[in-house]
Amino acid sequence: MSRPEPGPDSGAAAQSVARTPSGLFPAGPPSRPTYREPHPITGGGVAAGGGAAAIWLLLFGLLGTDVTSYAWWTVVAGLLAWLTALVLVRYGDRGVATGVAIVTAGGWSIAAAMVAARWAASGDWPLW
């Protein structure tokens, strides 16, 4: 007695077709929800933070009357700006915080270059 061959209507053929997908080509929506960031970093946020920090550093820099006072006012303004950026990272818009941090680092670099140029020209450390 020979066994009959499974036909196209049998369960064996249906089981061989219904395999678990490899994941290379998704078969449908994910099985778990996807996390969506409430405040994604955008270019506009980075630009707004950078513009606000530039104005902030400019206003504090205008308080300085010489290289020494300009450098110290820039350091103080930068520290306050970075504290604000830390608060924004935790509770607000991370894009704005990124712009603030980038422009503040640039402002500190300009102040450091001015201090270094004055030091090289005079041979005397200008900050104290």
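Residues numbered from 1 in each chain as written. Predicted model: local features only at pLDDT ≥ 70, side-chain atom pairs only at ≥ 80, totals over all residues. Heavy atoms only, no water.

**Structural notes on the layout of surface pockets**
Condition: The distinction between a cavity and a pocket rests on a 1 Å grid over the protein atoms alone: a 1.4 Å probe fits inside a cavity but cannot get out, while a pocket stays open yet meets protein on both sides within 12 Å along at least five of seven lines, and a residue with an atom within 4 Å of a point counts as lining. Grid points are joined across faces, edges and corners, and a volume is the space filled by probe spheres set on the points. Think of it this way: any DSSP run of H or I at least four residues long counts as a helix, any run of E at least two long counts as a strand, and we number them from the N terminus. Each residue gets one of three labels, nonpolar for Ala, Val, Leu, Ile, Met, Phe, Trp, Tyr, Cys and Pro, charged for Asp, Glu, Lys and Arg, and polar for the others, Gly among them.
Looking at the largest pocket, its volume works out to about 160 Å³. Around the largest pocket, the lining residues are Ala54, Leu57, Leu58, Gly61, Leu62, Tyr70, Thr74, Val103, Gly106, Gly107 and Ile110. If you list the elements that add at least two residues to the lining of the largest pocket, you get helix H2 (43–61), helix H3 (67–91) and helix H4 (94–122). The class makeup of the residues in the lining of the largest pocket is 7 nonpolar, 4 polar and no charged.

**A word on H2**
We apply this condition: Expected span of a helix: the number of residues minus one, times 1.5 Å. Relative accessibility under 20% of the residue-type maximum defines a buried residue, over 50% an exposed one, and the middle range a partly exposed one, all with a 1.4 Å probe and only protein chains included. Working note: the arc is built from the helix axis to C-beta atom directions. Should any heavy atoms of two residues lie within 4.5 Å, those residues are considered in contact.
Taking 1.5 Å of rise per residue, the 19 residues of H2 would be expected to cover 27 Å, and the 26 Å separating its terminal C-alpha atoms lies within 8% of that figure. Listed as buried for H2 are Gly45, Gly49, Gly50, Ala53, Leu57, Phe60 and Gly61. Take H2 and look down its axis: the buried residues cluster within an arc of 130°, on one side only. Opposite the packed face of H2, turned more than 90 degrees from it, sit the exposed residues Gly43, Gly44, Ala47, Ile55, Leu58 and Leu59. Buried residues in H2 make contact with H3 and H4.

**Concerning the packing of aromatic side chains**
Applicable threshold: For Phe, Tyr and Trp, where Trp contributes only its six-membered ring, two rings pair if their centres lie within 6.5 Å, and the inter-plane angle classes them as stacked under 30 degrees, edge-to-face over 60, or tilted in between.
Following the criterion strictly, the structure yields 6 aromatic pairs and no others. Summarising the aromatic geometry, the rings of tryptophan 72 and tryptophan 128 are spaced 6.2 Å apart at their centres and angled 35° between planes, so their arrangement reads as tilted. Remark: tryptophan 128 occurs in the segment after H4 and tryptophan 72 occurs in helix H3; sequence separation between them is 56 residues. Consider the rings of tryptophan 82 and tryptophan 108, whose centres lie 4.9 Å apart with planes at 55°: the pair is tilted. Taken together, the residues span a long stretch of sequence, with tryptophan 82 in helix H3 and tryptophan 108 in helix H4 at a distance of 26 residues.

**A word on the nonpolar core**
Rules: Take the buried Ala, Val, Leu, Ile, Met, Phe, Trp, Tyr and Cys residues and link them wherever side-chain atoms come within 4.5 Å; each set so joined is a nonpolar core.
Counting 6 residues, the largest nonpolar core consists of Ala53, Ala81, Ala85, Val96, Ala97 and Val100. Those elements that provide at least two residues to this core are H3 and H4. With 3 residues, the single largest contributor to this core is H4. Residues contacting alanine 97, with those up to four places away along its chain left out, are Ala85, Leu88 and Val89.

**Topic: the environment of tryptophan 72**
Given the relative accessible area of 38%, tryptophan 72 is considered partly exposed. When the C-alpha atoms of tryptophan 72 and phenylalanine 60 are compared, they prove to be 9.5 Å apart, with 12 residues separating the residues in sequence. Beyond its immediate stretch of four places on either side in the chain, tryptophan 72 contacts Leu127 and Trp128.

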